[in-house]
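Per-entry structural report
These are the residues of each chain, in order.
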Amino acid sequence: MNAALFYRKFGLPEQVLTLEYSNKPFLKENYIRVQMLYAPINASDLIPTTGVYQHRITLPQIAGYEGVGKVIEAPLSYQHLIGKRVLPLRGGGTWQNFVDLPAEFAIEVPDSISDITAARAYINPVAAWLMLKHYSPQGKHILVTAAGSDCAKLLCNWVIKFAALSVTVICRSDSHAQYYNKHAIKHIKQDDKQTIEYFARQADIVVDAVGGGLRKQI
């Protein structure tokens, strides 16, 4: 029996997500079945339920885009994956007990990576990596908003390794500032308009995940 969090209409997640139970059908050809171990809650999981991307979403849908699970069924050509941990990409929703997906899209997880890390290894790391691929930080001054997000933390750590001249972040809370103090990264409070404007003028690249009123300052 499979338990899954569906949304059959668009709206606030707490209003439209419903827990439903059903039997999984037989596996399609060249598909594998993954028993989910962990599936995180990401903004990218919640926003689609509101209808922001309804032009490319066909209802009903099972929520969740990332996570990690163990392969429990596979066709003969993919029997080597049985018992292996994988990222079940393109599996039609990770907020369920069992995910069926095309075997070719499963990403095997190395033993050196924990379940918790693997479960969050898709959306934020790939987004951060692609930004750095498109906009090289080498020899540049970087300003990053939404410093409390995992994506921003990844960006900052990688930017330093990729030889940026400097990286400065905009923080909303003291707990975020403490994190960046530990990593010797400059931080600005979100309500410090004058300092934000100063660092924005110095920046070669601004990575902004906030927009709105903050964007007008940078």
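Considering the pattern of salt bridges
Where charged atoms from two side chains of opposite charge approach closely, those side chains can pair. This structure, assessed with the given rule, holds seven salt bridges. Between Arg 85 and Asp 115 there is a salt bridge, with its nearest N and O atoms 2.7 Å apart. Pair noted here: Arg 85 is in strand β6 (residues 85-88) and Asp 115 is in helix α3 (residues 115-119), with a separation of 30 residues, a long-range link. The class of Asp 115 is partly exposed, set by a relative accessible area of 25%. Within this structure, Arg 33, Glu 73 and Asp 100 form a network of salt bridges that share partners.

Topic: the sheet that holds strand β9 (residues 141-144)
Strand order across the open sheet formed by four strands is β11-β10-β9-β12, with parallel pairing between neighbours. A strand with exactly one partner marks an edge of an open sheet, and here the two such strands are β11 (186-189) and β12 (205-207). Averaged over all pairs of adjacent strands, the angle between their axes in this sheet comes to 20 degrees, without regard to strand direction. Bridging between β9 and strand β10 (residues 166-171) involves four bridges; their strand directions are parallel. Looking at the pairing, His 141 lines up with Ser 166 of β10.

Things to note about unusual backbone geometry
A cis geometry characterises the amide bond from Leu 59 onward to Pro 60, with omega recorded as 0 degrees. Among the secondary structure elements, Pro 60 is positioned in the loop between α2 (43-46) and β4 (61-62). Look at Asn 30: it is not a glycine, yet its phi comes out positive at around 65 degrees. Structurally, Asn 30 is set in the loop between β2 (17-22) and β3 (31-38). For Asn 30, a relative accessible area of 41% puts it in the partly exposed group. We note that Ala 163 has phi near 65 degrees; this positive angle belongs to a residue other than glycine. Structurally, the position occupied by Ala 163 is in the loop between α5 (150-161) and β10.

Here's the deal with the side chain of Thr 49
For Thr 49, the location among the structural elements is in the loop between α2 and β4. Excluding residues that lie within four positions of it along the chain, Thr 49 makes contacts with Tyr 7, Lys 9, Phe 10, Gly 11, Leu 12, Pro 13, Val 16 and Leu 17.

With respect to the sheet that holds β2
Taken together, the three strands give an open sheet; going across it, the order is β2-β1-β4, and neighbouring strands pair in antiparallel fashion. Looking at strand neighbours, the two that pair on one side only are β2 and β4, the edges of this open sheet. By the bridge criterion, two bridges tie strand β1 (residues 2-7) to β4 in an arrangement that is antiparallel. The partner of Phe 6 across the bridge, within β4, is Ile 62.

Here's the deal with the packing of aromatic side chains
Aromatic rings considered in pairs are described by the distance between their centres and by the relative angle of their planes. Under the definition given, this model contains five aromatic pairs. With a centroid separation of 5.0 Å and 85 degrees between ring planes, the pair formed by Tyr 179 and Tyr 180 is classed as edge-to-face. Looking at Tyr 180, the relative accessible area reads 0%, which means it is buried. Here the aromatic residues Trp 129, Trp 158 and Phe 162 are joined through ring pairs into a cluster of three or more. Geometry around Phe 6 places Arg 8 over its ring, the cationic atom sitting 4.9 Å from the centre. Over the ring of Tyr 179 we find Lys 153, and its NZ or CZ is 4.7 Å from the ring centre.

Comments concerning the pairing of β3
For β3 and strand β7 (residues 98-102), the ladder comprises five bridges, and the chain directions are antiparallel. Across the sheet, the residue bridging to Ile 32 is Leu 101, located in β7. Judged from the five bridges that link them, β3 and strand β5 (residues 68-73) form a sheet pairing that is antiparallel. The residue bridging Tyr 38 from the neighbouring strand is Val 68, located in β5.

Calculation criteria
- Residues numbered from 1 in each chain as written.
- Predicted model: local features only at pLDDT ≥ 70, side-chain atom pairs only at ≥ 80, totals over all residues.
- Heavy atoms only, no water.
- Salt bridge = Lys/Arg side-chain N within 4 Å of Asp/Glu carboxyl O.
- Helix = DSSP H or I, 4+ residues; strand = E, 2+ residues; numbered from the N terminus.
- Buried < 20%, exposed > 50% of the residue type's maximum accessible area, 1.4 Å probe, protein only.
- Pairing = 2+ DSSP bridges.
- Axes fitted to C-alpha atoms, helices over the stretch in contact; angles between N-to-C directions.
- Contact = heavy atoms within 4.5 Å.
- Phe/Tyr/Trp six-rings, centres within 6.5 Å; stacked < 30°, edge-to-face > 60°.
- Lys NZ or Arg CZ within 6 Å of the ring centre and 35° of its normal.

Limitation: the analysis is restricted to geometry and does not speak to function.
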